[in-house]
Amino acid sequence: MNLNTSKKQIAVLIDPDKTDAKKLVKTIQQAELAKVDFYLVGGSLLLKNNLDEIIAIIKKTAKKVYLFPGNPSQISTKADGILLLSLISGRNAELLIGNHVLAAPILKQSKLTIISTGYMLIESGTQTTVSYISNTTPIPANKPAIAACTALAGEQLGLKTIYLEAGSGAQNSVSKEIIKAVKKQINIPLIVGGGIRSIEQIETAFLAGADVVVIGTAIENDIKFLEEIKRINR
Ligand code: 1GP
């Protein structure tokens, strides 16, 4: 992930529970042909204990791999860096700072690049795994001003990027109204993900102001989506 570029970036999210070595190798081959910019690795649960193996496969490319941890057990020193998520849309102290205290000494000893990230859940239709697991209420989809002020507060606190999250496999992705309202308030890079499953949605997010779009489920479900991504003009 390059925080200092104006180039629109596409990141592929790999959930270790939803892939295996064989499937991942194929995904990575296609993703490289599609010229994706970097990879995120993480999920709500880790049932398979295969995090290091997954990262090692992706590291065969020249691209950076960042941890996108669902909880502090998902730290691997094999990655290049970590999105250190603070769930600023919620009021769960553990996810705002508690888990970070526990992870701090481990991160200090690692060589991981730490990207402090204001993580914001946006309501997206039905309840998502991330909302349930985090025990937090997402920001209502029709309240762009709340989203904008939350992101602004995150920037003022010194966070390096904001991630607008509809939730993995979300019914509705983050709307262009929310993306625009947030983008207008902040000067740090804006990441958008959750429920993006068409080229139109990617282009809409970029046009509204997303600097990075994250795709997970759509590629898990159909690897051919990467052939379409390849054709996007960025
Ligand atoms: C989830 O934003 C990411 O945390 C990606 O979501 O799996 O719906 O693409 P999808």
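Residues numbered from 1 in each chain as written. Predicted model: local features only at pLDDT ≥ 70, side-chain atom pairs only at ≥ 80, totals over all residues. Heavy atoms only, no water.

Overview of the pairing of strand β3 (residues 64-67)
Then step 1. As judged from the four bridges shared by strand β2 (residues 38-41) and β3, these two strands associate in the parallel manner. Its bridge partner being in β3, V41 is matched across the sheet by L67.
Then step 2. With helix α2 (residues 51-58) bridging β2 and its parallel neighbour β3, the resulting β-α-β unit is right-handed.
Then step 3. Bridge count between β3 and strand β4 (residues 81-87): two bridges; the pairing is parallel. What sits directly across from Y66, in β4, is G81. (Pairing = 2+ DSSP bridges. Helix = DSSP H or I, 4+ residues; strand = E, 2+ residues; numbered from the N terminus. Right-handed = clockwise from strand over helix to strand, strands pointing away.)

Description of the pairing of strand β5 (residues 113-121)
Then step 1. The buried count for β5 comes to seven of nine residues, which makes it a mostly enclosed element.
Then step 2. Relative to β5, β4 runs parallel, the two sharing seven bridges. Within β5, the residue paired with G81 across the bridge is T113.
Then step 3. Taken together, β4, helix α3 (residues 93-109) and β5 constitute a β-α-β crossover, and its handedness is right-handed. (Buried < 20%, exposed > 50% of the residue type's maximum accessible area, 1.4 Å probe, protein only.)

What about the packing of helix α6 (residues 176-185) against helix α7 (residues 199-208)?
Then step 1. The geometry of α6 relative to α7 is characterised by a closest axis approach of 8 Å and an angle of 25° between their N-to-C directions. Considering their axes alone, α6 and α7 lie roughly parallel with respect to each other. Where α6 crosses over α7, the handedness of that crossing is right-handed. Touching K176, I179, K180 and K183 of α6 are T204, A205 and A208, all from α7.
Then step 2. For the contact of α6 with α7, the per-class residue count stands at three nonpolar, one polar and three charged. (Axes fitted to C-alpha atoms, helices over the stretch in contact; angles between N-to-C directions. Parallel < 35°, antiparallel > 145°, perpendicular 65-115°, else oblique. Left-handed = near helix turned anticlockwise from the far one by under 90°. Contact = heavy atoms within 4.5 Å. Nonpolar A, V, L, I, M, F, W, Y, C, P; charged D, E, K, R; others polar.)

Overview of α2
Then step 1. Every buried residue belonging to α2 is among L51, I54, I55, I57 and I58, and all of these are buried. All buried residues of α2 project into a common sector of 160° when viewed along the axis, lining one side.
Then step 2. Buried residues along α2 sit against β1 (9-14), α1 (21-33), β2 and β3. (Arc of directions from axis to C-beta.)

Topic: the site of the ligand
Then step 1. Around the ligand sit 13 residues in total, of which E165, G169, G195, G216 and T217 are the nearest.
Then step 2. Taking Y163, its side chain carries an N or O atom lying 2.8 Å from an oxygen atom of the ligand.
Then step 3. Here G194 contributes a backbone N or O atom positioned 3.1 Å from an oxygen atom of the ligand.
Then step 4. Within the complex, 96% of the 300 Å² of free accessible area of the ligand lies under protein.
Then step 5. Here the residues of the shell around the ligand are counted per class, giving four nonpolar, eight polar and one charged. (Near = heavy atom within 4 Å. Polar contact = N/O pair within 3.5 Å; in protein donor to acceptor, adjacent residues only side chain to side chain. Areas by Shrake-Rupley, 256 points an atom, 1.4 Å probe, with all protein chains shown as cover.)

Observations concerning the nonpolar core
Then step 1. Membership of the largest hydrophobic core comes to 57 residues, with the highest contact counts inside it found for I58, M120, I162, L164, I202, I215 and I229.
Then step 2. Those residues in contact with I229, other than ones at most four positions away along the chain, are I10, A34, I199, I202, I215 and I219.
Then step 3. Formed by 18 residues, the second largest nonpolar core is a distinct cluster that contains L83, L87, V130 and I191. (Core = buried A, V, L, I, M, F, W, Y, C linked by side-chain atoms within 4.5 Å.)

A word on the pattern of salt bridges
Then step 1. Summed over all chains, the structure comprises five salt bridges.
Then step 2. With a closest N to O distance of 2.7 Å, K59 and D80 form a salt bridge. A residue pair is termed long-range when its members are at least 10 positions apart, and K59 in the loop between α2 and β3 and D80 in the loop between β3 and β4 qualify at 21 residues.
Then step 3. By relative accessible area, K59 is classed as partly exposed at 33%.
Then step 4. Note on D80: relative accessible area 17%, which makes it buried.
Then step 5. The partner of K183 in a salt bridge is D211, with the nearest N and O atoms 2.9 Å apart. Here the residue K183 occupies a position in helix α6, and D211 occupies one in the loop between α7 and β8 (212-215), the gap between them amounting to 28 residues.
Then step 6. Judged by relative accessible area, which is 27%, K183 ranks as partly exposed. (Salt bridge = Lys/Arg side-chain N within 4 Å of Asp/Glu carboxyl O.)

Description of unusual backbone geometry
Then step 1. Even without being glycine, K35 reaches a positive phi, approximately 55°.
Then step 2. Counting through the fold element by element, K35 comes out in the loop between α1 and β2.

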